[in-house]
Amino acid sequence: MKAIFFDFDGTIIDSSIDLANSINFMLKELNLKTFNIDLIRSWIGGGATKLVQKALDEAKGEFSNKALDIFLSHYENNLINHTYLYDDVKDTLLELKKDYILTLITNKPYKFVNPILKHFDLDIFEIILGGDSLEYKKPHPYPLEYCMDKLNLTTDEVIMVGDSFNDIEAAKNAKIKSILVTYGFDENIEADYKIDNFKDIKKCLK
C-alpha cells in the first residue's frame with residue numbers, strides 16, 4: 001500500500017451543522033419550510049447541487065440556479081462556524097503522511113475545500129479534487145483513476161477511506177479496496193473494512 005484516498009465531509013470533518021444552516025437559510029429565503037439538522041445530515045455526500053435539489057424536493061419547491069446560488073453564497077461565508085475535525089483525525093493524518101501518499105477526493109465544490117483545510121492546518125494532501133474539479137465525481141471511478149494515473153499507482157497500491165455510498169462505490173468501480181468510517185453520514189454500507197475511529201485506519205493497513 002502506497003497511497004490513501006480520503007473523502008472529506010463525514011470522514012475528516014463534520015460539516016453537517018454549517019451545511020444544514022445554509023440549506024435552511026436558502027429555504028427561508030425562498031419562503032419554504034425548513035428541516036432539522038439530523039434529516040439534512042442524511043442528505044449530505046453527493047455534492048452541493050444534489051443537496052440543494054434534495055432539500056427543495058422535500059420542501060415541495062423547484063430547483064433553480066437562484067436557489068443554488070443562495071445556498072453557495074451563504075455557505076461560503078459560514079464554512080467553519082460549527083465544523084470540526086473528527087476525533088484523532090489530525091494526529092492520524094500527520095502520522096500516515098510519513099509513510100503514505102495522501103489525496104483528498106470530495107464531492108464538495110473545490111473552492112470550499114482549501115479554506116477549511118487551512119483553518120485546521122492540514123496542508124498535507126498531494127492532490128485535492130473537488131466535485132467540480134473533473135468531468136465526473138464519485139461514485140464514478142474517474143476521480144480515483146485520475147489520482148492513480150497522476151501518482152503512477154496501481155489498484156493494489158491504493159485504498160479509499162470514506163463514509164458514504166459514493167465513496168465505497170467509487171472504490172469498487174475503480175477496483176480498489178475501501179475503508180468505511182461508521183461515524184459519518186451513512187454507516188450501512190458494505191466495504192472491505194469498517195472502523196469506528198479514524199485512528200483505526202492504521203490497523204487496516206497492516
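This text gives an overview of the structure that appears in the document. Values in this document were obtained by computation on a predicted structure and should not be read as measured data.

## Describing the nonpolar core
Soluble globular proteins tend to bury their nonpolar side chains together. In terms of nonpolar packing, the biggest core is built from 54 residues, with F6, I12, M26, F71 and L93 touching the most fellow members. With six residues, the single largest contributor to this core is helix α4 (residues 65–76). Formed by 17 residues, the second largest nonpolar core is a distinct cluster that contains L129, L134, M148 and M160.

## Topic: the pattern of salt bridges
Going through the model one piece at a time under the given rule, you end up with ten salt bridges. For E157, the salt bridge identified is with K2, shortest N-O distance 3.1 Å. On the criterion of sequence distance, the pair formed by E157 in the loop between α7 (142–150) and β6 (158–162) and K2 in the segment before β1 (3–6) is long-range, its members being 155 residues apart. For E157, a relative accessible area of 16% gives the class buried. Note that K54 is salt-bridged to E58, the shortest N-O span being 3.0 Å. With K54 and E58 both in helix α3 (residues 48–58) and four residues apart, the pair spans about one turn of that helix.

## Side note on the packing of aromatic side chains
Applying the stated criterion across every chain, the model contains nine aromatic pairs. Three or more aromatic residues joined by ring pairs make a cluster, and in this case those are F6, F125 and F198.

## Structural notes on the environment of H119
Considering the arrangement of structural elements, one finds H119 in helix α6 (residues 110–119). Once the C-alpha coordinates of H119 and I80 are considered, the two residues, 39 residues apart in sequence, prove to be 8.2 Å apart.

## Description of helix α8 (residues 165–174)
Buried residues of α8: N166, D167, I168, A170, A171 and A174, and no others. In this structure, the buried residues of α8 make contact with α7, β6 and β7 (177–181). Positive phi appears at K175, one or two residues downstream of α8, with a value of about 65 degrees.

## A short note on the packing of α4 against α6
Viewed as axis vectors pointing N to C, α4 and α6 meet at an angle of 15 degrees, and their least axial separation amounts to 11 Å. Taken as axis vectors, α4 and α6 run roughly parallel relative to one another. The chirality of how α4 crosses α6 is left-handed. Contact residues: α4 offers L72, Y75 and E76, while α6 offers K111, F112 and I116. The class makeup of the residues in the contact of α4 with α6 is four nonpolar, no polar and two charged.

## Considering unusual backbone geometry
For the bond running from K138 to P139, omega is 15 degrees, close enough to zero to count as cis. With respect to the helices and strands, P139 occurs in the loop between β5 (127–129) and α7. Positive phi outside glycine occurs at N31, with the angle close to 60 degrees. Tracing the backbone through its elements, the reader meets N31 in the loop between α1 (16–29) and α2 (37–41). Overall, the relative accessible area of 71% leaves N31 in the exposed class. One non-glycine residue with positive phi stands out, namely N152, at about 55 degrees. Checked against the element boundaries, N152 lands in the loop between α7 and β6. On the accessibility criterion, N152 (68% relative accessible area) is exposed.

## Things to note about the environment of I70
On the secondary structure map, I70 appears in helix α4. Separated by 49 residues in sequence, I70 and N21 have C-alpha atoms that sit 12 Å apart. Contact partners of I70, with chain neighbours within four places excluded, come to F25, M26, E29 and L30.

Calculation rules
- Residues numbered from 1 in each chain as written.
- Predicted model: local features only at pLDDT ≥ 70, side-chain atom pairs only at ≥ 80, totals over all residues.
- Heavy atoms only, no water.
- Core = buried A, V, L, I, M, F, W, Y, C linked by side-chain atoms within 4.5 Å.
- Buried < 20%, exposed > 50% of the residue type's maximum accessible area, 1.4 Å probe, protein only.
- Helix = DSSP H or I, 4+ residues; strand = E, 2+ residues; numbered from the N terminus.
- Salt bridge = Lys/Arg side-chain N within 4 Å of Asp/Glu carboxyl O.
- Phe/Tyr/Trp six-rings, centres within 6.5 Å; stacked < 30°, edge-to-face > 60°.
- Contact = heavy atoms within 4.5 Å.
- Axes fitted to C-alpha atoms, helices over the stretch in contact; angles between N-to-C directions.
- Parallel < 35°, antiparallel > 145°, perpendicular 65-115°, else oblique.
- Left-handed = near helix turned anticlockwise from the far one by under 90°.
- Nonpolar A, V, L, I, M, F, W, Y, C, P; charged D, E, K, R; others polar.

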